[in-house]
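Descriptive structure summary
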Amino acid sequence: MSKVTRTGGAQSPEPHAADVHDLIRVHGARVNNLKDVSVEIPKRRLTLFTGVSGSGKSSLVFDTIAAESQRLINETYSAFLQGFMPTLARPEVDVLDGLTTVITVDQQRMGSDPRSTVGTATDANAMLRILFSRLGKPHIGSPKAFSFNVASISGAGAVTMERAGQTVKEKRTFSITGGMCPRCEGRGSVNDIDLTALYDDTKSLSEGALTIPGYTMEGWYGRIFSGSGFFDMDKPIRKYTKRELSDLLHREPTKIKVEGINLTYEGIIPKLQKSMLSKDVEALQPHIRAFVKRAVTFTVCPDCEGTRLSAGARSSKIKKISIADACAMQISDLAKWVRDLDEPSVAPLLTTLRQTLDSFVEIGLGYLSLDRPSGTLSGGEAQRVKMIRHLGSSLTDVTYVFDEPTVGLHPHDIQQMNRLLLRLRDKGNTVLVVEHKPETIAIADHVVDLGPGAGQGGGTICFEGTVEGLRAGDTITGRHFGDRASLKETVREPNGKLEIRGAKTHNLRGVDVDVPLGVLVVVTGVAGSGKSSLVHGSIPASEGVISVDQGAIRGSRRSNPATYTGLLDPIRKAFAKANAVKPALFSANSEGACPGCNGAGVVYTDLAIMAGVSTVCEECDGKRFHASVLEHHLGGRDISEVLAMPVTEAAEFFGEGEARTPAAHRILERLADVGLGYLSLGQPLTTLSGGERQRLKLATHMAEKGGVYVLDEPTAGLHLADVEQLLGLLDRLVDSGKSVIVVEHHQAVMAHADWIIDLGPGAGHDGGRIVFEGTPAALVEARATLTGEHLATYVGA
């Protein structure tokens, strides 16, 4: 700070020591692919981190700065409390100075528990329950009486107590009035199980009658069934008596003893209810998900009509509105209804509830309803729902960290998000944003560009400074910052059409539309206008349709691109054939695993409340395989050297010569096509960025045989330079005879399309209609919709 001379000639004193800490300093960061990165980030400013996908942005912002702040905060709690918290290791960095409390708003999907809704996730439901317990007529009980997660229970019995030196017994009764629908247990849907999908009744259990995944007679299930003595293992199921069939299917948990071991026998159906049907179907493993979809039919609960609530909870109303009606309303309408309530006795509650609902509207989520299951929200919607609790916060000097807050947003909505980010900054907070969209980069006070490449080719700082400096700089981001895709001079002609008639999924209003086939079709519109409802809810999921959604890839640190894509199978077989041994030897999760680390490559030491320590395994030196396995070679390389190869090198290796393996080469070519040529085959999935995971999923689905590809925002997590490569991939798919339907907001993809279907005009009940169908050029010329206006500005028309 400069010294200021006063009129009296005396100089102002030096700045106070507390006023000089206005930078977050990072020196020598080596997390994931970062290469001794050093950077100084100004506090109380908006700083954008950009660079190609996989360049190290998340490693710097989330895994270094945010992780260390969280670790230091956790250390302020007592050892007892830390025992209940996740233990965090200190990031690999030399100096981290000037940190403040970090609030992370990431894109992780919200819990997909069937009982979790938008209302329960944001505490809006909790406030509504209190409101109805105070003002609802007739009065039915406490807030628990309006909760679909609380069951009504009652009981009676004797209690023994000491009173005046004597033992006294008294009869006590208790009851809890909950709001849970007893039929569906608060889930809103009931299931009907097709018994023919559970077993083949012409066979006996010993002959393998059960067709449920994992229910084999060779393992523990076989021992439990045979040891229970409830039925004959060698008799065909169709010849069972009523009692035997009931014991097989419906018996309640019963203690049994098998081979001297105490076990519990339970009927197949209650066992399935607990193990598979109580979970989100989409979160199950693929083979189990396929079984559930084949064997179980889910229908709306006839008792509560899908509201999840008991008849009593639905009977209590305020101004003719029940809590079920309130939760089913569009949030923008609910906010208006709450504003019209004037009841001094609950004034503080109404004020807070109004603020929460108004925040939904302000952040562009007014089209949601509180009863929307949280697992159905997109990554962008989930991130904005998490933002709601911070918008009205009085905290200042906090560091907010955002992971691509514009994902899933129409260009019109991006302007609104930009205003919210600036508002958080103007309250005196430090805002760190990982982002690719030029519209958001343009509002930054400070830009940090990482690169120059991805994976091992990235991890360095290419540029630090202002947006103007970035534009003028010679980095990949700077060179592509002003990129604008131009409209096609000629568009492809369709070779057929997919007819959609009377589509009414969610907010769609009986939509009739013909989707042209054999061309690149982009479905667009503001967030909440009904795009995903039209594409995923109306296009039949037949064998010819391959749908790539935004669902998260689940994987442990043992999962890697080779295991996820199925690439490891042909590689293992090729090694086994070349060396005349078993394929299982070349799996680090099976017979080939190093005995010292069980194939993990590192040894983890749990230090209770302190962060655990991981050290490279001394036996295998981090290679994960037994020493004897590494003696086997294919094309002069052992299995650990192959897994350390990047995709491009591996594609050459398996494409020709002694190691030629066509099955592996095809998978590697698809990985290179989606821009993942730099990834190592054995890199853990847990270290991949969101954009990399999305493209990994796309590469996997490209192997499926189908004529229609449905892609949901494939540009999510992609740098400006990567979008060009994606457009090339989409063109190759269409030119090979496929039909490609893309739900997308990126103007470059819209301009490149052959046909655009624009939904709107607004979100929620203000959307759900087709507002434009035609070529991008016609959309730009008409400028009749929000999309048309933004696309015209983008292409400079």
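Note: the structure precedes this text.
Residues numbered from 1 in each chain as written. Predicted model: local features only at pLDDT ≥ 70, side-chain atom pairs only at ≥ 80, totals over all residues. Heavy atoms only, no water.

When helices and strands are counted, the protein chain shows 28 helices and 27 strands. The C-alpha radius of gyration computed for the protein chain amounts to 30 Å, which stays within 12% of the reference 28 Å derived for 797 residues, consistent with globular compactness. Overall, the protein chain is about 90 × 85 × 70 Å in size when its C-alpha atoms are taken along their principal axes. For the protein chain, the accessible area works out to roughly 37100 Å², and carbon and sulfur atoms hold 51% of it. (Helix = DSSP H or I, 4+ residues; strand = E, 2+ residues; numbered from the N terminus. Rg over C-alpha atoms; globule rule 2.2 N^0.38 Å. Areas by Shrake-Rupley, 256 points an atom, 1.4 Å probe, with all protein chains shown as cover.)

This part takes up the state of the cysteines. Scanning all chains against the criterion turns up zero disulfides. Looking at the unpaired Cys-304, the closest cysteine sulfur is the one in Cys-301, lying at 3.7 Å. Of the residues examined, Cys-304 reaches a relative accessible area of 1% and is grouped as buried. (Disulfide = S-S within 2.5 Å. Buried < 20%, exposed > 50% of the residue type's maximum accessible area, 1.4 Å probe, protein only.)

The end-to-end C-alpha separation of helix α25 (residues 720-735) is 23 Å, in line with the 22 Å expected for 16 residues at 1.5 Å each. Taken together, the buried positions of α25 are occupied by Leu-720, Ala-721, Asp-722, Val-723, Leu-726, Leu-727, Leu-729, Leu-730, Asp-731, Leu-733 and Val-734. One or two steps after α25, the chain reaches Gly-737, where phi turns positive at roughly 100°. (Expected span 1.5 Å × (residues − 1).)

Here the focus is the side chain of His-701. Mapped onto the secondary structure, His-701 falls in helix α24 (residues 690-701). For His-701, the contacting residues outside a window of four places in its chain are Ile-546, Ser-547, Val-548 and Tyr-709. (Contact = heavy atoms within 4.5 Å.)

Moving on, we come to the side chain of Thr-787. Within the secondary structure, Thr-787 sits in helix α28 (residues 786-795). Taking the relative accessible area as the measure of exposure, Thr-787 reaches 3% and is therefore buried. Those residues within four positions of Thr-787 in sequence are excluded, and the remaining contacts are His-410, Thr-524, Gly-525, Met-750, Asp-758 and Leu-779.

Another point: the sheet that holds strand β20 (residues 520-525). With respect to topology, six strands assemble into an open sheet ordered β21-β24-β25-β20-β26-β27, the strand pairing being mixed. Each edge of the open sheet is held by one strand with a lone partner, namely β21 (545-548) and β27 (769-774). For this sheet, the mean angle separating the axes of adjacent strands, direction not counted, is 15°. Direction of pairing for strand β26 (residues 755-760) relative to β27: antiparallel, over a ladder of five bridges. Across the sheet, the residue bridging to Gly-760 is Arg-769, located in β27. Of the strands in this sheet, β20, β24 (708-712) and β25 (739-743) touch α25, which is tilted by about 145° from β25. (Pairing = 2+ DSSP bridges. Axes fitted to C-alpha atoms, helices over the stretch in contact; angles between N-to-C directions.)

In total, this model carries twelve aromatic pairs according to the counting rule given. With a centroid separation of 6.0 Å and an interplanar angle of 45°, the aromatic rings of Phe-225 and Phe-231 are classed as tilted. Judged by relative accessible area, Phe-225 falls into the buried class, the value being 3%. Ring plane angle 70° and centroid distance 5.9 Å describe the contact between Phe-225 and Tyr-265, whose orientation is recorded as edge-to-face. On the criterion of sequence distance, the pair formed by Phe-225 in helix α5 (residues 220-228) and Tyr-265 in strand β10 (residues 261-265) is long-range, its members being 40 residues apart. (Phe/Tyr/Trp six-rings, centres within 6.5 Å; stacked < 30°, edge-to-face > 60°.)

Below, the discussion takes up the sheet that holds strand β1 (residues 23-29). Pairing within the open sheet is antiparallel, and its three strands lie in the order β2-β1-β4. Because the sheet does not close on itself, it has two edges, and the strands there are β2 (37-42) and β4 (95-97). Strand after strand, the sheet turns through a mean of 10° between neighbouring axes, direction not considered. Bridge count for β1 against β4 is three bridges, and the pairing is antiparallel. Pairing of Arg-25 across the sheet is with Asp-97, part of β4. Sitting on the sheet, helix α1 (residues 57-74) touches β1, β2 and β4, and the angle it makes with β1 is about 115°.

Our next topic: the pattern of salt bridges. Inspection of every chain in the model, using the stated rule, returns 36 salt bridges. Residue Lys-235 pairs with Glu-244 through a salt bridge whose shortest N-O separation is 2.9 Å. According to the relative accessible area criterion, Lys-235 is partly exposed, its value standing at 22%. Among the residues examined, Glu-244 registers a relative accessible area of 12% and is labelled buried. Of the charged contacts, one joins Arg-501 and Asp-514 as a salt bridge, the two residues approaching to 2.9 Å between their closest N and O atoms. Placement of Arg-501 in strand β18 (residues 496-503) and of Asp-514 in strand β19 (residues 511-517) is noted, with a sequence separation of 13 residues between them. One connected set of salt bridges, linked through shared partners, spans Lys-488, Arg-492, Asp-731, Asp-735 and Asp-754. (Salt bridge = Lys/Arg side-chain N within 4 Å of Asp/Glu carboxyl O.)

Of the residues making up helix α6 (residues 242-250), those classed as buried are Glu-244, Asp-247, Leu-248 and Leu-249. On its buried face, α6 is in contact with α5, β10 and α7 (268-277).

Attention shifts here to the environment of Leu-726. Note on placement: Leu-726 falls in helix α25. Note on Leu-726: relative accessible area 6%, which makes it buried. Sequence separation of Leu-726 and Ser-369 is 357 residues, and the distance between their C-alpha atoms is 34 Å. Every residue in contact with Leu-726, bar those within four places of it in the chain, is listed here: Leu-698, Pro-714, Thr-715 and Leu-718.

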